[in-house]
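Residues per chain are reported as follows:
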Amino acid sequence: MDNKLLTLWRYYPSGSIRMEEISETLQLSSKQTTRYLKKWMEEGWLSFTPGRGRGNISTLLWKKEVETSYEEEVLKRFDLEPVEQTSKYLMYDWSTNSKMRLMNKFHTKLGFVQESNDKLIVPKRYPFHSVHPLEAGDVFSAHLVANVFNRLVTHTEDGKVLPEIAHSWDSTPSKLRLYLKKDIKFHDGSVLTANDVAECLDKLRAHAYYKDLWTPVERIEVKSPLILDILHPNGCSYILPMLSMMCASIYRETNEKLLGTGYFILQQNSDKQTTLTAFQDHFRERPLIDVVEFIQVPEDFKGIYHSPMEENTSSSFEVESDSGFGIIVMNSCRDSAIRQKKVRDYLHWIIAKNRHTIGNLSPRLIPNDKSIIVGQNQQLTISEVERPIFSKPIVIRGARHTANTTQWLAEIFAKENIPTDIQWFSFADILTKHPETLNVDLFVHGEVFEFNQDFSFYHFLMNGFSPLSQMIANNETLTNLMGKYKETPFEKWTALNLEIEKELINQSIMIPLYYQKRYIPFSTDISNIKISHFGYVDFSKVWVRPKE
């Protein structure tokens, strides 16, 4: 089966055609196009009569119904072949009706599969950007990191710090001493020591994206194989919450691979397939499922997780989780009109009066005129602002993952006769802060807090992936406010977070736009579904309840 043949069938009926058109549509050279056409003629799909001379009209005659034949073949393969081998067919250039039929069939292949082991098959719409704890700046990659690695401690949503790799700790204003659990194994069977932890933390605090967060830490000392000290002579009230973040995961790097201690071992990772297998010797407990397999699917794929006991899709329920928030960031550092507060305030007013329409894009988007910190209310009231002169277009940054909200933003500006220019970038370029992605006036940014809001808000402002770090660093008022964190007890951070958020909003640098919900459908036979980091399901806990 050849996706190029399906594409040709979809776009060109029998009749006259130019060879150049085929080459351009199939993104082939003229020689490659000729070879493909010859192959398809030999297989009996079509006949092709080339025009005489360069650029002359050729004739295409179809002999078989390509899409019908392909769809029948793929449906058979769905039943006969493993799901990881057949998911690629969903990426073909199908018509809408064929694609829907194939996706509906593929739905039944997701969820639990009981073969020689218990497997959970999960759709993935995009590749994992990185599996390294220091580079996993997007929530999808961070969710993978959460399953493969462990942290020293865990920070709960309500502010409690619980043991993970460390079983206990002693804390003074200038030092944190950590006591590690015994016989914790990496995925290759080697035993974790305080040297491994110290090496990871030293890499973390030297990393460009995190060094500002770790400035209070002067050094890390190994006192014994299971004891280490983190010294912060001038104080660091947030040292324990900082150790609970995903970037503070503990690992061991070898020439062959990156080793974790988590519930699952990363066995395979490619754009098409990522496979996790249960770690038999996890220091807490073995997962109840054997394999989690992430399979590539189209962006518009809507999956449901079935159990092997189900025969249809009717017996299911949805798990709801927070999927973060969206903001509009105005680049007050750029040498353009956006640097003027009166311009930002006017655009802020336009956004505020249209914010209620953001929900029209998706029922998952809930207009947010309160705060990015759930449960808080900044009581935002934006008065009408005098219109400034727009001598140049407002440059808006766009990307595939924010395409709908970016277009919404451009449309509400267009209604007000505000000239705009959307510049599109890849997700990877935005995540790694390619210089051109920063040379814009404003953009929509989506964010998901890891778990505890108080520390996650600070981490969001300070880490190297932050869309606001440059604006804060170049703003004296905001820089002074950020300096208060070091002297403020962690239990009082909520008030400080709200103060800083309000200043960002009042200066029209950060504008709350929406809250987002995620709804994950599961078979009713799948039990113990719990939401973990970044609003995702904790795979280490789920299992299938047998029917009586």
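Each chain carries its own residue numbering, running from 1 in the written order of its sequence. This being a predicted model, a pLDDT of at least 70 is required before a residue's local features are given, and a value of 80 or more before pairs of side-chain atoms are given or counted; all residues contribute to the totals for chains, interfaces and linings. The side-chain quantities take in all heavy atoms of the structure and omit both hydrogens and water.

Caption draft 1: The arrangement of the sheet that holds strand β8 (residues 166-172) in detail. Read from one edge to the other, the open sheet built from 4 strands follows the order β8-β9-β11-β10, with strand pairing classed as antiparallel. Every interior strand has two partners, whereas the edge strands, β8 and β10 (219-224), have only one. Going from strand to strand, the sheet's axes swing by 20° on average, the running direction of each strand aside. Two strands pair when backbone bridges link them, and strand β9 (residues 175-180) and strand β11 (residues 227-231) are joined in this way by 5 bridges, in the antiparallel orientation. If you follow K175 over to β11, its bridge partner there is L231. Contacts are assigned to residue pairs that have any heavy atoms within 4.5 Å of one another. Only the stretch in contact is used when a helix axis is fitted, and all axes are lines through C-alpha atoms; the angle between N-to-C directions ranges over 0 to 180 degrees. Numbering goes from the N terminus for both helices and strands, where a helix is a DSSP run of H or I of at least four residues and a strand is a run of E of at least two. Packing against the sheet, helix α8 (residues 194-206) makes contact with β9, β10 and β11, and its axis sits at approximately 180° to β10. Pairing between strands is defined by DSSP: at least two bridges between them are needed.

Caption draft 2: Just helix α1 (residues 3-11), in detail. The set of residues buried in α1 consists of L5, L6, T7 and L8. Buried residues in α1 make contact with α2 (19-26), α3 (30-42), β2 (46-49), β3 (58-62) and α4 (66-80). Any pair of nitrogen or oxygen atoms within 3.5 Å is treated as a polar contact; in protein, a donor-acceptor pairing is required on top of that, and neighbouring residues in sequence qualify only through side-chain atoms on both sides. For α1, the N-terminal cap is D2; the gap from its side-chain oxygen to the backbone nitrogen of K4 is 2.8 Å. The rule is simple: take the accessible area with a 1.4 Å probe, protein chains only, and divide by the maximum for that residue type; under 20% is buried, over 50% is exposed, in between is partly exposed.

Caption draft 3: Focus on the confidence of the model for the protein chain. What pLDDT conveys is the predictor's confidence in a given residue, as a value from 0 to 100. Residue-level pLDDT values for the protein chain average 88, and 90% of them are 70 or greater. By mean pLDDT, the top-scoring element of the protein chain is β11 (98), and the lowest-scoring one is strand β4 (residues 111-114) (65). Scored below 50 in pLDDT, residues 307-314 makes 21 contacts in the model with residues more than four places away or belonging to other chains.

Caption draft 4: Just unusual backbone geometry, in detail. At Q27, a residue that is not glycine, the phi angle is positive and equals roughly 55°. Structurally, Q27 is set in the loop between α2 and α3. Here Q379, not a glycine, exhibits a phi torsion of approximately 50°, which is positive. Relative to the assigned elements, Q379 resides in the loop between β18 (365-367) and β19 (394-399).

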